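# Breakdown of the fold
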Amino acid sequence: MSAAEIDGFADRIRKHQGGMISAWVGIPDAILVNHLAQEAFDAVVLDMQHGMWDMQSAANAVAQTRLAGKPAIARIPVGDFASASRLLDAGASGIIAPMINSAEDARALVRTTKYPPLGERSWGPSLALNHMGLSADAYLKNANELTVAIAMVETRAALDAIDGILGVTGIDGIFVGPADLSIALSNGDQVAPNAAEIDSAMQHAVSRCRAHGKFACAYAGDGERAGELLKFGFDLVIAGAETVQLRAGARRAINAARRIASGS
């Protein structure tokens, strides 16, 4: 049984099979996640770093995402590698770890997200077995292929160490955080995720990923920027957070109602 036959997400992103667009959710509501997963997103990211998720609500959201036929990815809080393995146990298809600034940081991520011989992930994937319909033996043999470990590149140090990070066996790809990267590269002067300097850094990141045979992901504030990043060669992009999409949708509805009511 191949990983692709069990769950196609990891196989697809590793093979660069078309640009993927993921939802991004920080509001800790599993039903909201299910609604978004009904749309044409390729995945759903649960933001546990800056969002309000706890482990129980995140596990429920993973289940709701899988119920909708989509893979769930979790961004853990900084340095919270213990949560990474628990989220994989809950059935997440991938982990995004923020502030991975060195090869050693990357190895720490691998240790908790991959089973031997790649890492030291502890055994206990009861919900993952349920979601995937696998025996314990089949899951153990396939888990390292079925799940992805994604290191965030969002600081000057990470950008300088990108080849070392990508060279760590068990790191499947990177996720560029352009807002934090813009703060770092401007020495704290500005948040400018769409600046030309950031474009250059992001294109460099894609190039290094291709050189190492790894995939590249990135955050975009809206659909237009997401499209630009897909043109850069990113394999998976975010088309804005759910809060932005929710408020933009409400604004459009309100403005349309006011416009029609006023006859303008």
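Nothing here was measured: the structure is a model prediction, and the numbers come from that model.

A separate point is unusual backbone geometry. For the bond from Pro 116 to Pro 117, the omega torsion is 10°, close enough to zero to count as cis. Looking at where Pro 117 falls in the secondary structure, it is placed in the loop between helix H6 (103-113) and helix H7 (126-132). For His 16, which is not glycine, the phi dihedral falls at a positive 55°. Of note, His 16 is situated in the loop between helix H2 (8-14) and strand E1 (20-25). Residues other than glycine seldom take positive phi values, yet Met 99 does so here, at roughly 55°. Relative accessible area serves as the criterion here: at 28%, Met 99 is assigned to the partly exposed category.

Relative to the helices and strands, Lys 70 is located in the loop between helix H4 (55-67) and strand E3 (72-75). Asp 42 provides the closest opposite charge to the buried, salt-bridge-free Lys 70, at an N-O distance of 6.9 Å. Reaching out from Lys 70, the side chain makes a polar contact with the backbone oxygen of Ala 37 at a distance of 2.8 Å. Beyond its immediate chain neighbours, meaning those up to four positions away, Lys 70 contacts Ala 37, Glu 39, Ala 40, Phe 41, Asp 42 and Thr 65.

A word on the nonpolar core. Counting residues in hydrophobic clusters, the biggest one holds 60 residues, and the most contacted among them are Leu 46, Trp 53, Leu 87, Ile 95, Ile 174, Val 176 and Phe 234. When residues of this core are assigned to their parent elements, the largest contribution, six residues, is made by helix H12 (residues 196-212). Here Trp 53 is in contact with Val 25, Gly 26, Ile 27, Pro 28, Asp 29, Ala 30, Val 33, Leu 46, Asp 47, Met 48, Ala 58 and Ala 61, once residues within four sequence places are set aside. Residues Ile 13, Cys 217, Leu 236 and Ala 241 belong to the second largest nonpolar core, which totals 18 residues.

Reading guide: rules and limits
Residues numbered from 1 in each chain as written. Predicted model: local features only at pLDDT ≥ 70, side-chain atom pairs only at ≥ 80, totals over all residues. Heavy atoms only, no water. Helix = DSSP H or I, 4+ residues; strand = E, 2+ residues; numbered from the N terminus. Buried < 20%, exposed > 50% of the residue type's maximum accessible area, 1.4 Å probe, protein only. Lys, Arg positive; Asp, Glu negative; His and termini not counted. Salt bridge = Lys/Arg side-chain N within 4 Å of Asp/Glu carboxyl O. Polar contact = N/O pair within 3.5 Å; in protein donor to acceptor, adjacent residues only side chain to side chain. Contact = heavy atoms within 4.5 Å. Core = buried A, V, L, I, M, F, W, Y, C linked by side-chain atoms within 4.5 Å.

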